[in-house]
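Observations on the model geometry
Each chain, written out:
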Amino acid sequence: MDMIFDLGQVFQVDHEAQRIVHDIQTSLDQLRQQQQHPKQTFTFLYVIWHHPDAMVAGRGTYIDSLLSAAGGVNVATQINDQRYPLLPKNELDVQADFCL
């Protein structure tokens, strides 16, 4: 969020940056409330690129945080602890509800 504020100052659009941060924070708060009473969870693997090995979004990435807040479980975190692990194609045979 700090980066959005910083960009707002650089481009002299502080008010717009504050609105964007407020909207994002409101949406995240709503997601967190929903997760207190989860209806359904899902598993996911987010592939960033796949040549020659696959780079996936791991633990602590923006993608991991966003999809986890929505109830997702990142299967890459069960394979490797790196933020952006490289996985050989033969390791991509994982069970995930969504492969993005």
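Residues numbered from 1 in each chain as written. Predicted model: local features only at pLDDT ≥ 70, side-chain atom pairs only at ≥ 80, totals over all residues. Heavy atoms only, no water.

1. Details of the packing of aromatic side chains
Across all of its chains, the model carries two aromatic pairs by this definition. For the ring pair Phe42 and Phe44, a centre distance of 6.2 Å and an interplane angle of 45° mean the geometry is tilted. Residue Phe42 is classed as buried on the basis of its relative accessible area of 19%. Residues Phe42 and Phe98 carry aromatic rings whose centres are separated by 5.7 Å and whose planes lie at 85° to one another, so their mutual orientation is edge-to-face. Of this pair, Phe42 sits in strand E1 (residues 42-45) while Phe98 sits in strand E6 (residues 98-99), and the two are 56 residues apart along the sequence. Of the residues examined, Phe98 reaches a relative accessible area of 45% and is grouped as partly exposed. (Phe/Tyr/Trp six-rings, centres within 6.5 Å; stacked < 30°, edge-to-face > 60°. Buried < 20%, exposed > 50% of the residue type's maximum accessible area, 1.4 Å probe, protein only. Helix = DSSP H or I, 4+ residues; strand = E, 2+ residues; numbered from the N terminus.)

2. What to know about the pairing of E1
Two strands pair when backbone bridges link them, and E1 and strand E4 (residues 72-74) are joined in this way by three bridges, in the parallel orientation. Each residue of the ladder has a partner; that of Thr43, found in E4, is Val73. One ladder, built from two bridges, connects E1 with E6; its direction is parallel. Each residue of the ladder has a partner; that of Phe44, found in E6, is Phe98. (Pairing = 2+ DSSP bridges.)

3. As for the pattern of salt bridges
Opposite charge on two side chains permits them to pair, given that their charged atoms come into close proximity. With the rule as written, the count across this model stands at three salt bridges. Arg19 is the partner of Glu16 in a salt bridge, and the nearest nitrogen-oxygen pair spans 2.4 Å. Note that Glu16 and Arg19 are positioned in helix H2 (residues 14-36) at a spacing of three residues, about one turn of the helix. Exposure remark for Glu16: the relative accessible area of 36% places this residue in the partly exposed category. For Arg19, a relative accessible area of 39% puts it in the partly exposed group. Across the pair Arg19 and Asp23 runs a salt bridge whose closest N-O atoms are separated by 2.7 Å. With Arg19 and Asp23 both in helix H2, this residue pair falls four residues apart, about one helical turn. Sharing partners across several salt bridges, the network here consists of Glu16, Arg19 and Asp23. (Salt bridge = Lys/Arg side-chain N within 4 Å of Asp/Glu carboxyl O.)

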